[in-house]
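# Examining the three-dimensional arrangement
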Amino acid sequence: MRIGLYPGTFDPITLGHIDIIRRASALVDKLVIGVAINRDKGPLFTLEERVAMIEAECAKLSEQTGTEIVAHPFENLLIDCARDVGAQIIVRGLRAVADFEYEYQMVGMNRALDSSVETVFLMAEARHQAIASKLVKEIARLDGDVSKFVTPLVLDNLTKRLGKS
């Protein structure tokens, strides 16, 4: 069984993330969505809320693709998380050249720690390349319309969390 790990903070999960998850599902039998706890980032949503949104969105994708998709919180090194879930592949989404430079360094470090785990980069579809959770939260905080960047479920959660109507 080929297992992939797609890590991130997913605060919140966006249509860009869902695009990468859908496409990564074609590459593996099981896709683990590694939800980074990362307290230093000060997430808007709790770990439990982020996992719940991922599970809700990925249930539909799992049904459509036939790939098992599960959320897995982690707070250790990415390569250790990959080992913990039995992943042979780490999936990373790229939006821009700046992403690649950072990800390139991460691949080198991960390969030095465990050369048996490969990293696969997937470019987000053009219509999703500008989407970043950080920007979605900022736009939502300033009463901007983020409905083209997130699902209705996530939009509802954002609206409630930010006390918007």
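Please read these numbers as outputs of a predicted model, since none were measured by experiment.

Definitions and cut-offs
- Residues numbered from 1 in each chain as written.
- Predicted model: local features only at pLDDT ≥ 70, side-chain atom pairs only at ≥ 80, totals over all residues.
- Heavy atoms only, no water.
- Pairing = 2+ DSSP bridges.
- Helix = DSSP H or I, 4+ residues; strand = E, 2+ residues; numbered from the N terminus.
- Axes fitted to C-alpha atoms, helices over the stretch in contact; angles between N-to-C directions.
- Contact = heavy atoms within 4.5 Å.
- Buried < 20%, exposed > 50% of the residue type's maximum accessible area, 1.4 Å probe, protein only.
- Right-handed = clockwise from strand over helix to strand, strands pointing away.
- Core = buried A, V, L, I, M, F, W, Y, C linked by side-chain atoms within 4.5 Å.

### Examining the sheet that holds strand S5 (residues 118-123)
Strand order in the open sheet formed by five strands is S3-S2-S1-S4-S5, and the pairing between neighbours is parallel. Each having just a single partner strand, strand S3 (68-74) and S5 make up the two edges of the open sheet. Adjacent strand axes in the sheet meet at a mean angle of 30° when their direction is disregarded. Relative to strand S4 (residues 89-94), strand S1 (residues 3-8) is paired through two bridges, and the arrangement is parallel. Across the sheet, residue Leu5 finds its bridge partner in S4, namely Ile90. Where helix H2 (residues 47-65) meets the sheet, its contacts fall on strand S2 (30-36) and S3, and the angle it forms with S3 comes to roughly 165°. Here helix H3 (residues 78-85) sits on the sheet and contacts S1, S2, S3 and S4; the angle it forms with S1, its principal contact strand, is near 145°.

### Considering the pairing of S1
In terms of residue burial, S1 counts as a mostly covered element, since six of its six residues are buried. Because side chains alternate across S1, one face comprises the buried residues Ile3, Leu5 and Pro7, and the other comprises Gly4, Tyr6 and Gly8, equally buried. Where S1 and S2 come together, six bridges link them in parallel fashion. Counterpart to Gly4 in the pairing with S2 is Leu31. Handedness of the β-α-β unit built from S1, helix H1 (residues 15-25) and S2 comes out right-handed.

### A few points about the nonpolar core
Proteins that are soluble and globular tend to have nonpolar side chains buried together. The biggest cluster of nonpolar side chains holds 33 residues, and the ones touching the most others in it are Ile21, Leu31 and Ile33. Listed by contribution, the elements that provide at least two residues to this core are H1, S2, H2, S3, S4, helix H5 (133-141) and helix H6 (152-162). With six residues, the top contributor of residues to this core is H2. What Leu31 contacts, discounting residues up to four positions off in sequence, is Gly4, Leu5, Tyr6, Ile21, Ala24, Ser25, Thr67, Glu68, Ile69, Val70 and Val91. Core analysis: the second largest hydrophobic core is formed by 13 residues, Val32, Phe74, Leu78 and Ile90 among them.

### A closer look at the side chain of Thr9
The residue Thr9 is located in the loop between S1 and H1 in this model. Residue contacts for Thr9: discarding those within four places in its chain leaves Val35, Ala36, Lys41 and Arg50.

### Overview of the pairing of S3
For S2 and S3, the ladder comprises seven bridges, and the chain directions are parallel. Looking at the pairing, Val35 lines up with Pro73 of S3. For the segment spanning S2, H2 and S3, crossover handedness is right-handed.

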